[in-house]
Amino acid sequence: MAQKTSDAAAIIEALGGPGNVVSLTHCATRLRFQLRDGSGVDKNAVERIPVVMGAVPQTGDRYQVVIGGAVATVYNDIMALPQMAEAGAGGDDRPTDAEVKAAARAGGIRGRFNWVDSFFEFLSDSFRPIIGVLLGASLFITFMALMSTLHVIGNWSSGEAQLTPGWAFINLCWRCVFYFLPLMVAYNAAKKVDADPWIGFSVMAVLLLPGFFSADNSLLASAHVSHILGQDIHIVRAFGLPLTIFDYGSQVFPPLLMAGVLGPLYKLFKRIIPDNLQLIFVPFLCMLVMIPLTAFVLGPIGVYAGAGLSTALKAVNDLSPFIFCLLIPLLYPFMVPLGLHWPLNAVMLLNISTIGYDYIQGPMGAWNFACFGASAAVLAISIRDRDAEMRQTATGAVVAGLLGGISEPSLYGIHLRFKRIYPRMLIGCVVGGLIQGIGGGVVTHAFVFTSLLTIPAFSNIPLYAISVGAAFITAFIAVFLSDYRTPEQKAETKEHQARERAEHEVKRIGHEARRTEHGAGRAAAPAPAKTALEPGAVTRVLSPLAGRVIPLDQVPDPVFSAGTVGKGVGIEPTGTTVVAPGDGTIVVAQATGHAFGIKLDNGIELLIHVGIDTVNLEGRGFEVKVAKGDRVRTGDPLVTFDPKVITEAGYSLVTPVLVTNGRRFAEVTRLAEGEVNPGDAIFETKAKPPKEPRPAAG
């Protein structure tokens, strides 16, 4: 039996095949493709793949596919595909000059100012790979905050001096991540600019050496000391030049600046140094230039730039915490999709390392929970409407948000696809921000992801919990009451669901027909002759009910009218009883009475679907007369129905009568027009001609 196409292979196929993939990376929730030509990608086809939560086309032939927490697994599955290896896609390939020029001509901000989008992509890719360890550290922080709230331990945020050895060790489990954060950022940022990431790591490691900022450093004895944002700044003379010595732990702006300079320098040395000497001299020359340049120039610039941004934001917060608590939740929904939130995340880390607390994460929590509330409303609507695809997407987004504090699955998988969500979500942002502003704001003493699990990490737990709860509930109600889809999108969803139900029904009818056929083969009585399947045979199919025959393309359902399910006719009923159109076996008899599959003795397999979308009536108005496996004769009643119940519920009475094994026939031709009675011929089938014998081998 043929193996079902994997999700990984389906994604590559939907994006135009491996030959269309220039490169592939991934972040915490998304696959990030650089395509050769993204114009022909069918976004809906990508989103129909079970593992995909959403697709985000971007200018410059870049394409993002939202996966959620399983993104690393899917990425590995894609990279392991044989066709990817054969095409050489997804690796270190770079676009050709023509492809780069084509991308530069693309519209939008990337097309006109490519460096702007590349800059924010550089920022986001420098942080995204370490989201996992940051999230893990935030849970350690939450645990320590909870223990402090319960008075089990003392002040945990100022260091380990006031803790017992055991609790001090637990506290180090999160502090290590943030102290060595500059090394992680340096590695990722250098990798992003196509430099050796270990060179970036090593350059930044010099500034984190214990001797660089230790009290016994002889250089510091004669240093001039100043103060900035709670941190002592020492300026000494080294080789006659001023060397500013900071505590670079938790700093993120210096490694970003360092990597921005290292990238071009690394490529320059690779270009001018012979290949057989690059292994030694490229790293050496890069370190020779970058270590003093970073220590004397780039590092201090990064510290002062971060301090300036932090000071500006703190001034706004000090001037009016109320305005600040409203401003942050309203800005974040627009900053996150553009990657503009990463500098603010860096400021949060800087605030904690310098002034000992952060005031941005509290208002940010109002936005996050409004985002998760909107996704929860989408989940509730998808459950109500039995939309399996959206239910899967929304479930992953809500779980990732409430437990992990990650908003990307919600944003890219749902919110950016359905524009009605944003204005309703902003109402939740305003409500959450207002509550925090009226209450005087909240702070946290460590960097955390704003999720349910990290609520204890905030200073005023009741105020923070009430604000994020109100943001969540407000956004939920606003989206749930008004729906997240436009009328056109709702109709498209309904059409897709109808197509899936019809295809599932046809597959089940075919499966049951094959089972019945195998069972008949084992029975003692001889199987009926399949006269309709004999080569060239023409067979008439009789009407199963009284009504008016209409062409199939006039059936008010796109799945049936397009012939997706099978060929045949539609009947507008005037009678209320459906009868067997021939001798055969019932292979499907829905308990709801809306659909029947019959395998006629002559070999024709029929689907009789009473009304359109009548499955939603759940059996009301139907009285079923047969069961699966029953033998029926021509004219035997299958079901009676009440037209009034169907029409009052808003559903069409049109009943498609379709041949579901149409591949066995060359033609299915409509015969009847206008009124018919049970037993009148409505269409005929013509079996395929006999196969021509193969010529004998010479």
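In this text, all values refer to a predicted model and were calculated from it rather than measured experimentally. (Residues numbered from 1 in each chain as written. Predicted model: local features only at pLDDT ≥ 70, side-chain atom pairs only at ≥ 80, totals over all residues. Heavy atoms only, no water.)

### Describing the overall build of the chain
A tally of helices and strands in the chain yields 23 helices and 21 strands. Scored against the burial criterion, the 698 residues of the chain give a buried share of 50%. At a minimum sequence separation of 6, the contacts of the chain that also span at least 24 residues come to 71%. Accessible surface computed for the chain: about 31,500 Å², of which carbon and sulfur atoms make up 61%. (Helix = DSSP H or I, 4+ residues; strand = E, 2+ residues; numbered from the N terminus. Buried < 20%, exposed > 50% of the residue type's maximum accessible area, 1.4 Å probe, protein only. Contact = heavy atoms within 4.5 Å. Areas by Shrake-Rupley, 256 points an atom, 1.4 Å probe, with all protein chains shown as cover.)

### Focus: the environment of Val71
Relative to the elements of secondary structure, Val71 occurs in helix 3 (residues 71-79). A relative accessible area of 2% means that Val71 is categorised as buried. Between the C-alpha atoms of Val71 and Arg30, which are 41 residues apart in sequence, the distance is 6.2 Å.

### Topic: helix 20 (residues 461-482)
With 22 residues, helix 20 ought to run about 32 Å at 1.5 Å a step, and its terminal C-alpha atoms sit 32 Å apart, in line with that. Within the sequence span of helix 20, burial applies to Leu463, Tyr464, Ser467, Val468, Ala470, Ala471, Phe472, Ala475, Ala478 and Val479. Here the buried face of helix 20 lies against helix 16 (361-384), helix 17 (388-404) and helix 19 (421-438). Sitting at the amino-terminal end of helix 20 is Asn460, which places a side-chain oxygen 3.3 Å from the backbone nitrogen of Leu463. Phi turns positive, to about 70°, at Asp483, one or two residues after helix 20. (Expected span 1.5 Å × (residues − 1). Polar contact = N/O pair within 3.5 Å; in protein donor to acceptor, adjacent residues only side chain to side chain.)

### Quick notes on the pairing of strand 4 (residues 62-66)
Burial of strand 4 is extensive: 5 of the 5 residues sit out of reach of the surface. Burial along strand 4 is two-sided: Arg62, Gln64 and Val66 facing one way and Tyr63 and Val65 facing the other are all buried. Relative to strand 4, strand 2 (residues 30-35) runs antiparallel, the two sharing 5 bridges. Across the sheet, the residue bridging to Gln34 is Arg62, located in strand 4. Here strand 3 (residues 54-58) pairs with strand 4 via 5 bridges, running antiparallel. What sits directly across from Val56, in strand 4, is Gln64. (Pairing = 2+ DSSP bridges.)

### Looking at the nonpolar core
Counting 116 residues, the largest nonpolar core has Phe178, Ile360, Trp367 and Ile421 as the members making the most contacts within it. Sorting elements by how many residues they give to this core places helix 16 first, with 12 residues. When near neighbours in sequence (up to four residues on either side) are disregarded, Phe178 contacts Leu134, Ala137, Ile141, Gly249, Ser250, Leu349 and Phe447. By size, the runner-up hydrophobic cluster in this structure holds 35 residues, among which are Leu545, Leu606, Val639 and Ile646. (Core = buried A, V, L, I, M, F, W, Y, C linked by side-chain atoms within 4.5 Å.)

### With respect to empty space enclosed by the protein
Tallied over the full model, the rule gives 2 cavities of 30 Å³ or more. Taken as a whole, the largest cavity spans an internal volume of roughly 280 Å³. Lining the largest cavity are 21 residues, and of these His341, Asn345, Met364, Gly405 and Phe449 sit closest to its centre. Breaking the lining of the largest cavity down by element, the ones donating at least two residues are helix 8 (131-149), helix 14 (321-338), helix 15 (341-354) and helix 16. Of the residues that constitute the lining of the largest cavity, the class distribution is 14 nonpolar, 6 polar and 1 charged. (1 Å grid on protein atoms, 1.4 Å probe; cavity = no way out; pocket = protein on both sides within 12 Å on 5 of 7 lines; lining within 4 Å. Points joined across faces, edges and corners; volume = space filled by probe spheres on them. Nonpolar A, V, L, I, M, F, W, Y, C, P; charged D, E, K, R; others polar.)

### Quick look at the sheet that holds strand 13 (residues 595-600)
The strand order across the open sheet built from 8 strands is 16-12-13-14-18-10-9-20, with neighbouring strands paired in antiparallel fashion. Lying at the two open borders of the sheet, with one neighbouring strand each, are strand 16 (631-632) and strand 20 (674-676). In this structure, strand 13 lies alongside strand 14 (residues 605-609), joined through 5 bridges in antiparallel fashion. Bridge pairing in strand 14 places Gly597 opposite Leu607.

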